[in-house]
Every structure is written in structure tokens, then in C-alpha cells.
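# Report on the structure
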Amino acid sequence: MKRLIPSLLLFFCCASPAFTQTAFHTIINMDEEEGSSLHIRHLARDRTGYLWIGTQEGLYRFDGKNFRRMDADSISGQASVTALEVGSDGIVRAGFQSGRIGMMEHGRLATFSPQEGMPRKPITAVHAGKDGELWFAAADEGLYHRVHGKLYNINHEDGLGDDYIYCITDGDDGSVIVGTDRGIS
């Protein structure tokens, strides 16, 4: 007991001036040039640490200090982001209200333009499958799949539970699982 008292006394003397780390948080407002606040609809983080933000005014990249709008000539005008994904390949893909899909390539937002054309309805989900092929959904048009450069449409007539799809993910067996208004297909 006599040894315990000096040890406790030494502990309390050393512990009292020690400071603990406090939690840090900050609120960062994302404002347009005109001063109106942007509504954040989608968030994704890439492997380099950038935060990708989908808003009603377009796609932004946040590096921890600055916001940078990522423009594409063919998307401007109807730039509302309706779907966002950073694939396992590291490519950022954004679906837009106009039915367009933009992919970040070499620091620029390039528009995905297949020969068959794109839907004119809003993109509701976008996903790069394990095989590297692109999957995406458009409102009330079902699922689209690009295989070897060719675009295919899968809808309720092909056995899909519903044509309104909101999320897409990979299955363990190489299949794709989609969340619809009528459950999972």
C-alpha cells in the first residue's frame, strides 16, 4: 500500500496538466457566385481523397478547401446531377437530369455518347460493374448496359420487376442487382 500511494500521487500530478484532444468539426457552406446556396443531392469520395458533390447546378470537386465546378459543354444547361458514383476503377461517373452521363477523364468531364444515343429522361443510377462495363438507369425506362461498346436496354418486358430503378450493385456471381419501386431485381 505504501508503494501505491506515491505511484498514484505521481500519476495525478502528471495527468493534471495533460490535455486531451477535442473533436474538430466545421461547417463549410457551398455557395454559387450569385450567393444562393446549392442543394447537395449526391456525395462520393474517390481514392485520392477528393469529395465529389452532385447539385442541382452540376458536379463539383472539393479538395478540403476549395470547390471546383466540373463543366462539360454538352451537359451545360441541364446540369442537375441525379446520380453519382466513383467506380472501383477510380472513374467518377455522374448522371444528369438531361439523360446524359459524364465521366471524369484527364481532369475533364467527358460526355458518354454511344452510337445508339442516350435516353432523354433523368439518369437515376449509374454503376461500373466488376467487368468494367457501364450500367445505368433512366427514369421509367429500365436498365441500360454497355457491352463491348454496344448499348442494350432491359425493362419490364424483359423480366425486370419495374422500370423505375434507383440503385445498382454487383452480385457475387457476376450478376447485377437493382433496386426498383417494386423491390429488388
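In this text, all values refer to a predicted model and were calculated from it rather than measured experimentally.

## Overview of the overall build of the chain
Summing up its helical and strand segments, the chain has one helix and 15 strands in all. Each of the 185 residues in the chain was classed as buried or not, and the buried ones make up 38%. Counted over contacts in the chain with a minimum sequence separation of 6, partners at least 24 positions apart contribute 33%. Accessible surface, the chain: about 11,900 Å² in total, of which carbon and sulfur atoms supply 51%.

## Details of the sheet that holds strand β2 (residues 51-55)
The strands that make up a sheet are held in pairs by hydrogen bonds between backbone atoms, and each pair lies either parallel or antiparallel. With antiparallel pairing, the four strands of this open sheet are ordered in space as β1-β2-β3-β4. The two strands at the open ends of the sheet, each matched to only one other strand, are β1 (40-45) and β4 (67-70). When strand polarity is set aside, the average angle formed by the axes of neighbouring strands in this sheet is 25 degrees. Pairing of strand β3 (residues 58-62) with β4 involves four bridges; the strand directions are antiparallel. Considered in β4, the bridge of F62 is made with F67.

## Some points on the packing of aromatic side chains
Throughout the structure, instances matching the rule amount to three aromatic pairs. Residues F112 and F136 carry aromatic rings whose centres are separated by 6.3 Å and whose planes lie at 80 degrees to one another, so their mutual orientation is edge-to-face. Note that F112 is positioned in the loop between β8 (108-111) and β9 (123-128) and F136 in strand β10 (residues 134-138), a separation of 24 residues in sequence. Taken individually, F112 and F136 each receive the classification buried, so the pair is uniform in this respect. Measuring from centroid to centroid gives 5.0 Å for F136 and Y144, while their planes differ by 5 degrees, and the two rings are stacked. Judged by its relative accessible area of 0%, F136 falls in the buried class. You can call Y144 buried: its relative accessible area is 11%. Three or more aromatic residues link up through ring pairs in this structure, and these residues are F112, F136 and Y144. Just above the ring of Y50 sits the side chain of R61; from NZ or CZ to the centre is 4.2 Å.

## Considerations on the environment of R120
Following the sequence through the fold, R120 ends up in the loop between β8 and β9. Taking the relative accessible area as the measure of exposure, R120 reaches 77% and is therefore exposed. As for R120 and S98, which are separated by 22 residues in sequence, their C-alpha atoms are 6.1 Å apart.

## With respect to the pairing of strand β14 (residues 176-180)
Within β14, four of the five residues are buried, which leaves it mostly tucked inside the rest of the structure. Here strand β13 (residues 165-170) hands over to β14 after five residues, with G174 in that stretch at a positive phi of 95 degrees. One ladder, built from two bridges, connects β14 with strand β15 (residues 183-184); its direction is antiparallel. Across the sheet, G179 pairs through a bridge with I184, a residue of β15. Where β14 folds back on β15, the antiparallel hairpin that results is connected by two residues.

Calculation criteria
- Think of each chain on its own: its residues are numbered from 1, step by step along the sequence as written.
- Per-residue local features are limited, in this predicted model, to residues with pLDDT of at least 70; the limit for side-chain atom pairs, both in listing and counting, is 80 or more; totals at the level of whole chains, interfaces and linings are taken over all residues.
- The side-chain values count all of the structure's non-hydrogen atoms but skip hydrogen atoms and water molecules.
- The secondary structure listing takes helices from DSSP runs of H or I that are at least 4 residues long and strands from runs of E that are at least 2 residues long, numbered from the N terminus.
- In this scheme, a residue with accessible area under 20% of its type's maximum is buried, one over 50% is exposed, and one in between is partly exposed, where area comes from a 1.4 Å probe on protein chains only.
- Any pair of residues with heavy atoms lying within 4.5 Å of one another is described as a contacting pair.
- Per-residue and other accessible areas were derived by the Shrake-Rupley procedure at a 1.4 Å probe size, with only the shown protein chains allowed to occlude residues.
- Strands are treated as partners if at least two bridges between them are detected by DSSP.
- Axis lines are fitted to C-alpha atoms, over the contacting stretch for helices. Their N-to-C directions set the angle, which ranges from 0 to 180 degrees.
- Pairing of aromatic side chains here covers Phe, Tyr and the six-membered ring of Trp, requires ring centres within 6.5 Å, and sorts the geometry by plane angle: under 30 degrees stacked, over 60 edge-to-face, intermediate tilted.
- Placement of a charge over a ring requires the Lys NZ or Arg CZ to be within 6 Å of the ring centre, with the centre-to-atom vector within 35 degrees of the ring normal.

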